[in-house]
Amino acid sequence: MKYLSYFLFLLLNSSIFAQVQITEMTCEHQQNPMGIDVLNPRLSWKLKAQERNILQTAYQIRVSSTQAFEKKNLVWDSGKTPSGESILQVYKGTALQSGKMYFWQVKVWDNQGRDTDWSNTASWEMGLLSINDWKAQWIEPTTQALPEIDNSKALMLRKNFALKNKIVSARAYVTSHGYYELSLNGQKVGNEVLTPGWTAYHKRLQYQVYDVTKMLRSGANAVGTMLGEGWFRSNLGWVNNKGYYGKRLGLLCQIYVKYADGTEDWVLSDGSWKATNEGPIKVNEIYDGENYDATREMKGWNEANFNESQWTNVSTAIFDNKNLVASEGAKVERIEELKPIKIFRTPKGLLVADMGQNMVGWIRLKVTGAKGTKIVLRHAEVLDKFGDFYTENLRKAKCMLTYTLKGEGEETYEPRFTFMGFRYVAIEGMDLKTENLTGIVVHSKMTPTGTFECSNSLVNQLQHNIQWGQKGNFVDVPTDCPQRDERLGWTGDAQAFCRTAAYNFDVSAFFTKWLKDVAADQRPDGSIPWVVPDILNKMDAATVPGSAGWGDVVVIAPWTMYLTYGDKQLLENQYPSMKAYVEFIRKKAGDSYLWKNGSIFGDWLFYKPVMDSHGEPDGYTDKDYISTAFYAYSTSLVKEAALVLGKEEDAKMYGEVFEKIKKAFNEQYVTGAGRIASDSQTAYVLALNFGLLPENLQAKAANYLVQDIKSRENHLSTGFLGTPYLCHVLTKNGYTDVAYDLLLQEKYPSWLYPVKMGATTIWERWDGQKVDSTFQDVGMNSFNHYAYGAIGDWMYRVVAGIEINSKSKGYKQFYLKPEPSVRLNYAKSTLNSPYGEIASGWEWKEDGKIKLTMKIPANTRATITLPKNKNGDFAGAKLIESLGLQNLKKTEKGIEVEAGSGEYVFEY
Ligand code: RAM
């Protein structure tokens, strides 16, 4: 404890709650706990306490089938359970029943010997647990009304029904082939859009559950549904994939009604429904947009007294429904609204609105005019160097909305079955004022968890851009981009970004869902398709199945989710697919332990200004090198996963495989001087980050990396695979200052170059738009592509210093070890972890002093590393208040101390 006397510890907050509070109770990872189809869901809660050093020592959970927790209604009482765990505790009561609602409470005991009262009541509702619970029939249009495959009119379906009694509760269970929008008695049901989302449809099709109690009445009712092409039938990818999942749209819908007298009713999709495709949506395609003719609207079509005599019959179809799963990802909703910041005419004369942000979703149009007037809205991410509307980078995607007025006063229109990525909207057919347009931002509803801010406004804009890149590309699946004829679940992009994603937002539900699709679309040989859901017609299987750094998402993402959210069950569920992938590579590599021909994309979009003298582009990393490096990395992570899951034999075996790969890798690629045969930044980064070099060569290799960066005047040259780890490798090897040089570099290639060019999202390419405002390669140049946003996690983990302790899980124990730079005046970050809010910030004060402000949530502990002040010491510090701190010791980076929960301020 000898250093204690050097410190000044201030107790920040002396107003103390006498009690620990329980907040944010959740079931599984669901933010909307409805329709859970997990037999034993898991329950989590957070503790709040203003005192320091609070740990939970025991909990008791009780679950009841009614809101009153009377003994006879309890389906589970855990009893007092000695445990420090407050996340993901498995329900262990009597078997839960299909469609039933359950209520739960928890109380906890803490290390001060106190217990809380029972918490507030939270609830969840079970989905349909058995195929037999589906009583409805799939309905499809009969041939005359069928939108043929080259016809993308929306289909409308309807049915009148009568309810006889007072309704106490009602639920709608719905899914479709194609997108659906369900309405009851004239009102859209629920807030979700683009339902039923996108999954590996043949194996997994999500259904949604809605509480529709208030939308129904005793007496006459009507249900109406519009079906659009959606991911099921739209033309997908750039490879002419129209109708990839099936030729016919279809609906499966059942509404369950419970009456006050205890009786019940069902409203089911069946052969008695009526259909038409003569409604207002004349064209709908995900990439192309929508053509909506309001003169074709059928007033009251989804209400009870509508005359449906012009509508045709439907046919019923049989599917085995084995692929139905309750929707468990974050729900896609309208999240926020933007107004244009400017309306102007381009040099070519187009009338354009600037939304001020490259956003994803669509426009709500408000317009008044004569019947039959046609208005066309086109979308673009950028303007060209003349200030004209630029759409070449959308490739074949039309991204166009056409609206024909019905001429009945003010008309409001929003598309239903398409979305676009855009900042600029060009409008034809009307005059334009700000009030005519509203940008509707649409994405998976993930709770924001992370903030980062520092004294450099360009870096703050970068953080903004990273978060908007995530918003725009997390739309039920992690897409690479939201604008061109692609928008696919590119596995490499998701792999590169998932760690950053998990700082910015709670992505636990989002990845739990998508990783099941990854496993579902895994090929029998263990390879992972380039995109998931897999729609490239096995183009990849015919060339290089997987591609190193892409297929590895199957290992890297579950491991990251496990670390972040402490979800061991997710790891357990994904483990077979993780292992199968490594086994796939192992078979290819055989006894050589080198994976040859395993990569098609290499270090995708690395920066190549010129060809070097060998005719290889400067910055290039050998593809076989990349493949073997990722083979080693995934093997090491499967070993880690096996250790966590108690699979000791596997752990031992993969540990040995890793060592063999490492040996072969060194023999093949590394010289005795630590030079790597493929002499690029990414080559050094991968070898160092994946622990592939012998200890005595690590410093040398890191030095070569730094030399390369310096020789480029502090520029990076890395692509999708090297970039996420670049700054981490520099930090781990003592070059955080060089990492800051890269972060703060304003000339391309760099993270701040696009910011200086006015970017509001992350670009696909380092130099997507040149200094002279001309564009790169029109074929593939997205301005909303999150992969390079993977620098975000370095900002959280190193600049602010919030870092997982991989021996614990879900931040039960973590590190606070900021590495400040004199190039910034301050930096601060917060992270709402599964246990509650973590905060870490620093600022330089007068005379070279530093001030650190930190927050550790109840029921966790952190190891704090205090960095040196500007003068390189800890001078002037003395201990005032140390409650909650223990085990002070000096390390190379600074002073290390163990801290219990609470808020701390340090200044020296
Ligand atoms: C393009 C995109 C995507 C990338 C693939 C390899 O389609 O840039 O992000 O993962 O190529």
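Above: the structure in question.
Residue positions within a chain follow its written sequence, with the count starting from 1. In view of the model being predicted, local features appear only for residues whose pLDDT reaches at least 70, and side-chain atom pairs are presented and counted only at 80 or more, with totals across whole chains, interfaces and linings using the full set of residues. With hydrogens and water stripped out, all remaining heavy atoms of the structure feed into the side-chain values.

> Help me understand unusual backbone geometry in this model?
A negative phi angle is the norm for most residues apart from glycine, just as the trans form is the norm for most peptide bonds. In this structure, the amide linkage connecting valine 532 to the following residue, proline 533, adopts the cis form with an omega of -5°. Secondary structure elements follow DSSP: runs of H or I of four or more residues count as helices, runs of E of two or more count as strands, with numbering from the N terminus. Within the secondary structure, proline 533 sits in the loop between helix H4 (508-521) and helix H5 (539-542). A positive phi angle, near 55°, is found at asparagine 597, a position not held by glycine. Locating asparagine 597 in the fold gives a position in the loop between helix H7 (568-589) and helix H8 (623-644). Overall, the relative accessible area of 62% leaves asparagine 597 in the exposed class. Throughout this description, buried means an accessible area under 20% of the type-specific maximum (1.4 Å probe, protein chains only), exposed means over 50%, and partly exposed covers the range between.

> Looking at this model, I keep getting lost on the pattern of salt bridges. Mind explaining?
Side-chain pairing between opposite charges can occur once the charged atoms of the two side chains come close. Salt bridges are identified by distance alone: a Lys or Arg side-chain nitrogen within 4 Å of an Asp or Glu carboxyl oxygen. Throughout the structure, instances matching the rule amount to 59 salt bridges. Residues aspartate 293 and lysine 282 are paired through a salt bridge, measuring 3.5 Å at the closest nitrogen-oxygen approach. Of this pair, aspartate 293 sits in strand S22 (residues 289-293) while lysine 282 sits in strand S21 (residues 281-285), and the two are eleven residues apart along the sequence. On the basis of relative accessibility, which here comes to 8%, the residue aspartate 293 falls in the buried class. Judged by relative accessible area, which is 30%, lysine 282 ranks as partly exposed. Among the ionic pairs, glutamate 896 bridges to lysine 889, the shortest N-O distance being 3.3 Å. Residue glutamate 896 is classed as buried on the basis of its relative accessible area of 18%.

> Would you take a moment to explain the layout of surface pockets for this structure?
It is the rolling of a water-molecule-sized probe over the atoms that shows where space remains empty. Detection works on a 1 Å grid of protein atoms alone, calling trapped sets that fit a 1.4 Å probe cavities and calling open sets with protein on both sides within 12 Å along at least five of seven lines pockets, with lining residues defined by an atom within 4 Å of a point. Grid points are joined across faces, edges and corners, and a volume is the space filled by probe spheres set on the points. In this model, the second largest pocket occupies a volume close to 880 Å³. Taken together, 38 residues make up the lining of the second largest pocket; nearest its centre are Met226, Tyr292, Glu297, Trp301 and Arg416. At four residues, the largest contribution of residues to the lining of the second largest pocket is made by strand S14 (residues 179-184). Each residue gets one of three labels, nonpolar for Ala, Val, Leu, Ile, Met, Phe, Trp, Tyr, Cys and Pro, charged for Asp, Glu, Lys and Arg, and polar for the others, Gly among them. Across the lining of the second largest pocket, the residue classes break down as 18 nonpolar, eight polar and twelve charged.

> It is not clear to me how the environment of isoleucine 286 should be interpreted in this structure. Could you clarify?
Here isoleucine 286 shows up in the loop between S21 and S22. Residues in contact with isoleucine 286, not counting those within four places in the same chain, are Tyr179, Gly230, Trp231, Ser234, Phe417, Thr418, Phe419 and Arg487. By the convention used here, residues are in contact when the closest approach between their heavy atoms is within 4.5 Å.

> Would you mind showing me how to read the sheet that holds strand S43 (residues 861-867) here?
Two pairing modes exist for strands in a sheet, parallel and antiparallel, and in both the strands are linked by backbone hydrogen bonds. One open sheet accounts for five strands, arranged S38-S39-S43-S45-S44; its pairing is mixed. The strands lining the two open edges of the sheet, one partner per strand, are strand S38 (802-804) and strand S44 (885-890). Shown here is a sheet whose adjacent strand axes are inclined to one another by a mean of 20°, direction ignored. Two strands pair under a simple rule: DSSP has to find at least two bridges between them. Of the pairings in the sheet, the one linking strand S39 (residues 813-816) to S43 comprises four bridges and is parallel in character. When the sheet's bridge partners are listed, glutamine 813 is paired in S43 with arginine 861. A fitted line through C-alpha atoms serves as each axis, taken over the contacting stretch for helices, and the angle formed by two N-to-C directions is quoted from 0 to 180°.

> It is not clear to me how the sheet that holds strand S4 (residues 42-48) should be interpreted in this structure. Could you clarify?
Reading across the sheet, the three strands line up as S2-S4-S8 and stay open at both edges, with antiparallel pairing between neighbours. The open sheet has two free edges, formed respectively by strand S2 (21-27) and strand S8 (89-90), since each of these has just one partner strand.

> Is there a simple way to explain the environment of lysine 348 in this structure?
Along the polypeptide, lysine 348 turns up in the loop between strand S26 (342-345) and strand S27 (351-367). Once the C-alpha coordinates of lysine 348 and glycine 387 are considered, the two residues, 39 residues apart in sequence, prove to be 8.8 Å apart.

> Even after reading the chapter, I still don't get the site of the ligand, so can you show me in this structure?
The ligand sits among Asp480, Arg484, Glu486, Trp490, Asp493, Trp550, Phe601, Trp604, Phe720, Glu764, Met780 and His785. N or O atoms within 3.5 Å of each other form a polar contact, as long as, within protein, one can give a hydrogen and the other can take it, and as long as residues adjacent in sequence are counted only when both atoms are side-chain atoms. Tryptophan 604 places a polar side-chain atom, nitrogen or oxygen, 3.1 Å from an oxygen atom of the ligand. Take glutamate 764: an N or O atom from its side chain is 2.5 Å from an oxygen atom of the ligand. Counted by class, the shell around the ligand contains six nonpolar, one polar and five charged residues. One heavy atom within 4 Å of a molecule or strand makes the whole residue count as near it.

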